[in-house]
Amino acid sequence: MDARTFEWITWGWVALAVVTHIALHFVVAPFGRHSSTKWGPGINNKAGWMIMELPSLAIMVYFLLTGSRSLQCCAWILFAVWIVHYTNRTFIYPLRIRPTPKRMPLFIVGNAIFFNLMNAGLNGYYLAELAPVGSYGTGWLGSPKFALGMALFLSGLYLNWRSDGILIRLRAKGETGYRIPRGFLFDRITAPNLLGEIVEWTGFAVMAWNLPAFSFMLWTLANLVPRALDHHRWYQRTFTDYPKERKAVFPGVL
């Protein structure tokens, strides 16, 4: 694929993110606590997570190993941080979460697979075949963009993993209900796990400084900000003692 065609496809993907963001303020994605049988048949939540996240991991591993520019100097670092995140998301996280009688709709799994195919495909192909020669060389390693981006990515990764751990430990073995999470950043916002992912992929976009990485950052915001707001409203409806000072996803702001 030539660079011009690739650019047009990526801008189309950006436009779809904007449309999706608007739509998600009117439609609640039906999985997790928001699960609904109205969206058709479902599968086990652990299997659902593994199946829908695997394409993103597999595509980036493929491009890392086969791309003409993947191992060019330091470009592999961008592949590496992506693979670390999606190894956790594909295998470790699903094995840690408690089984639940709620099913993940196949509709959601299918949509997530499509998203991951597009998202990883665009980012992987750019890094593997289209990135300008030398753009991720030793000079990039010493640049402010790399330092800031990596700091944001690692901070977001820590925030995401620690928040996930708190949520997973809320539910004892055999329990299926929900409790109010407390401690860490949960004292300030409802969804620090989602904020962690937003910070991660903002850091990746700064570090990579290319259009596909920007599109991923935009998609992360488009998906997760409405999701955090849905979680926040759900907690407020479900628990009369839910802390009123908590925001949804950005401390003190939203």
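Structural notes, computed from the coordinates. As the structure is a computational prediction, the values presented were derived from the model and not from experiment. (Residues numbered from 1 in each chain as written. Predicted model: local features only at pLDDT ≥ 70, side-chain atom pairs only at ≥ 80, totals over all residues. Heavy atoms only, no water.)

## Remarks on the pattern of salt bridges
Inspection of the entire model under this criterion finds four salt bridges. Between Glu 7 and Arg 4 there is a salt bridge, with its nearest N and O atoms 3.8 Å apart. Linking Glu 7 with Arg 4, this pair stays in helix α1 (residues 3-23), spanning three residues, or about one helical turn. Residue classification places Glu 7 among the partly exposed residues on the basis of a relative accessible area of 33%. By sharing partners, the salt bridges in this structure join Arg 89, Asp 164 and Glu 197 into a single network. (Salt bridge = Lys/Arg side-chain N within 4 Å of Asp/Glu carboxyl O. Helix = DSSP H or I, 4+ residues; strand = E, 2+ residues; numbered from the N terminus. Buried < 20%, exposed > 50% of the residue type's maximum accessible area, 1.4 Å probe, protein only.)

## So, the nonpolar core
Core analysis: the largest hydrophobic core is formed by 41 residues, its most contacted members being Leu 78, Trp 82, Tyr 136, Trp 140, Phe 204 and Met 207. Taken together, the elements giving at least two residues each to this core come down to α1, α2 (45-66), α3 (76-96), α4 (106-130), α6 (144-170), α7 (192-208) and α8 (211-238). In contact with Trp 140, other than residues within four places in its own chain, are Cys 74, Ile 77, Leu 78, Ser 135, Phe 146 and Met 207. (Core = buried A, V, L, I, M, F, W, Y, C linked by side-chain atoms within 4.5 Å. Contact = heavy atoms within 4.5 Å.)

## What to know about a nonpolar patch on the surface
On the surface, Val 18, Ile 22, Phe 26, Val 27, Trp 39 and Phe 107 cluster together to form a nonpolar patch covering roughly 600 Å² of accessible area. Relative to the helices and strands, Val 18 resides in helix α1. (Patch = residues over 30% accessible without salt bridge, like charges linked within 9 Å, V, L, I, M, F, W, Y side chains within 5 Å. Areas by Shrake-Rupley, 256 points an atom, 1.4 Å probe, with all protein chains shown as cover.)

## Notes on α1
Under the 1.5 Å per step criterion, the end-to-end length of α1 is 30 Å for 21 residues, consistent within 8% with the ideal 30 Å. Buried within α1 we find Phe 6, Thr 10, Trp 13, Val 14, Ala 17 and Thr 20. Down the axis of α1, the smallest arc covering the buried residues is 120°, so these residues share one side. Within α1, the exposed residues directed more than 90 degrees away from the buried face are Arg 4, Trp 8 and Val 19. (Expected span 1.5 Å × (residues − 1). Arc of directions from axis to C-beta.)

## A closer look at the packing of aromatic side chains
Overall, the coordinates contain 26 aromatic pairs when judged by the stated rule. Pairing Trp 234 with Phe 239 gives two aromatic rings, centres 6.2 Å apart and planes at 75°, and the pair type is edge-to-face. Of the two residues, Trp 234 and Phe 239, neither departs from the other in class, the shared state being buried. Between Tyr 235 and Phe 239, the ring centres sit 6.0 Å apart and the planes meet at 25°, which makes this aromatic pair stacked. On the accessibility criterion, Phe 239 (16% relative accessible area) is buried. Above the ring of Tyr 93, the side-chain terminus of Arg 89 is found at 4.3 Å from the ring centroid. (Phe/Tyr/Trp six-rings, centres within 6.5 Å; stacked < 30°, edge-to-face > 60°. Lys NZ or Arg CZ within 6 Å of the ring centre and 35° of its normal.)

Keep in mind these values describe shape, not function.
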